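One-letter residues, chain by chain:
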Amino acid sequence: ARRFFVGGNFKMNGSLKTVKDIINGLNNAQLDPNVGMEVVVAPSAIYLVLARELLRKDVEVAAQNVFDKPNGAFTGEISVDQLKDAGVTWTILGHSERRVILQEENSFIATKTEAALKGGISVILCIGESLEQREASKTIDVVTSQLAAVAQCVQDWSDIVIAYEPIWAIGTGKVATTQQAQEVHLAIRKWLASNVSEQTSETTRIIYGGSVTDKNCKDLAKQPDIDGFLVGGASLKPACE
Ligand code: 13P
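One structure accompanies this document, and this report is about it. (Residues numbered from 1 in each chain as written. Predicted model: local features only at pLDDT ≥ 70, side-chain atom pairs only at ≥ 80, totals over all residues. Heavy atoms only, no water.)

**Observations concerning the overall build of the protein**
Move 1: The number of helices and strands found in the protein is 10 helices and 8 strands.
Move 2: For a compact globule of 241 residues, the expected C-alpha radius of gyration is about 18 Å, and the protein comes in at 17 Å, within 12% of that figure.
Move 3: Viewed in the frame of its principal axes, the protein has a C-alpha envelope of about 45 × 45 × 35 Å.
Move 4: Counting the 241 residues in the protein, one finds 50% classified as buried.
Move 5: Residue pairs at least 24 apart in sequence account for 71% of intrachain contacts in the protein once pairs closer than 6 positions are excluded.
Move 6: Carbon and sulfur atoms form 52% of the exposed surface of the protein, whose accessible area is close to 11800 Å². (Helix = DSSP H or I, 4+ residues; strand = E, 2+ residues; numbered from the N terminus. Rg over C-alpha atoms; globule rule 2.2 N^0.38 Å. Buried < 20%, exposed > 50% of the residue type's maximum accessible area, 1.4 Å probe, protein only. Contact = heavy atoms within 4.5 Å. Areas by Shrake-Rupley, 256 points an atom, 1.4 Å probe, with all protein chains shown as cover.)

Structure, rendered in C-alpha cells:
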C-alpha cells in the first residue's frame, strides 16, 4: 500500500508570526500514528530554517523550488546542499505558478528534479493542464508530456511524489470532481507502467491539488489512485488538517 501523503504549500504567504502560529497548530495536532500519513509543509524559503527548528520531527519541511547548479554566481537561487544544510528533505518543483508566471520550461524542471534527487532531496513534482487545454481534450497529453520530460533525466522515481494540480482548480474554489481527478491519476499511473516500470507505477504516490479543503478531501481520498493532497490556501489555517 502507498503511504498517504499530505503537503501544505504556503506559496508566498505568511510572516514570522503566522508561520510560527501554523507550526504551533501542527505541533499540537493529533496525527493518528495508525493512519501513518506523511506530512510535509512548504513555507517560503525565508522561513525554512525556522520551520525546521520549531516543527515536530515527524513532519518534514519542503522548499517551494531549488536550483539545478551546485553553487556559485546564481543570485537569488538556493542549492540542494543549502536545503540539506537546513534540514529540508523535500522540494516542490514544476508548480504551475512557476511554469506560467516564471515561464519555467519542462526541460528546466527536469534538470532541477534530477539535481534534487542526486543530492538526496525528494521531489513533489507538479503537473497539470489549463482550462483551455482541458476543454480541448488535451489533459492527458499535457500531463504525460510534462512527465516525459522528467523521465528523460530520471530513471529512479522512488523519491518523487507526483502532484496532479489542474490549473483551473488552483485557488479558484473549483475542485476537480472525484471522477475527473481519478481519471487523470489512473492515466498517470498507466503512463508510469508503460514508460518507467510496473513497479514505479504501483509504488509512486500520485496526489491531488487544487481547492482541497477539509470538506472535499474525504471523497477524493476514497479514489483508488489518489494517494494524498497538496493543499494551498487551506494549509494556512493553523487549526485545519
Ligand atoms: P489551493 O489549495 O489554494 O487551490 O492551491 C493548490 C496548490 O497550488 C498547491 O500547490
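**What about the site of the ligand?**
Move 1: In the region of the ligand, 13 residues are neighbours, and Lys11, His95, Gly171, Ser211 and Gly233 sit closest.
Move 2: With respect to the ligand, the backbone of Ser211 contributes an N or O atom lying 2.7 Å from an oxygen atom. (Near = heavy atom within 4 Å. Polar contact = N/O pair within 3.5 Å; in protein donor to acceptor, adjacent residues only side chain to side chain.)

**What about the side chain of Glu129?**
Move 1: Topologically, Glu129 is positioned in the loop between β5 (122-127) and α6 (131-135).
Move 2: Residue classification places Glu129 among the buried positions, given a relative accessible area of 0%.
Move 3: For Glu129, the side chain forms a polar contact with the side chain of Arg134, separated by 2.7 Å.
Move 4: With residues near it in sequence (within four places) discarded, Glu129 still touches Arg134, Thr139, Val142, Tyr164, Glu165, Pro166, Ile167 and Trp168.

**Here we look at the environment of Thr111**
Move 1: Summarising the element assignment, Thr111 is placed in helix α5 (residues 106-118).
Move 2: Taking the C-alpha atoms as reference, Thr111 lies 7.7 Å from Val150; in sequence the two are 39 residues apart.
Move 3: Sequence-distant contacts of Thr111, defined by excluding residues within four places in its chain, comprise Asp68 and Cys153.

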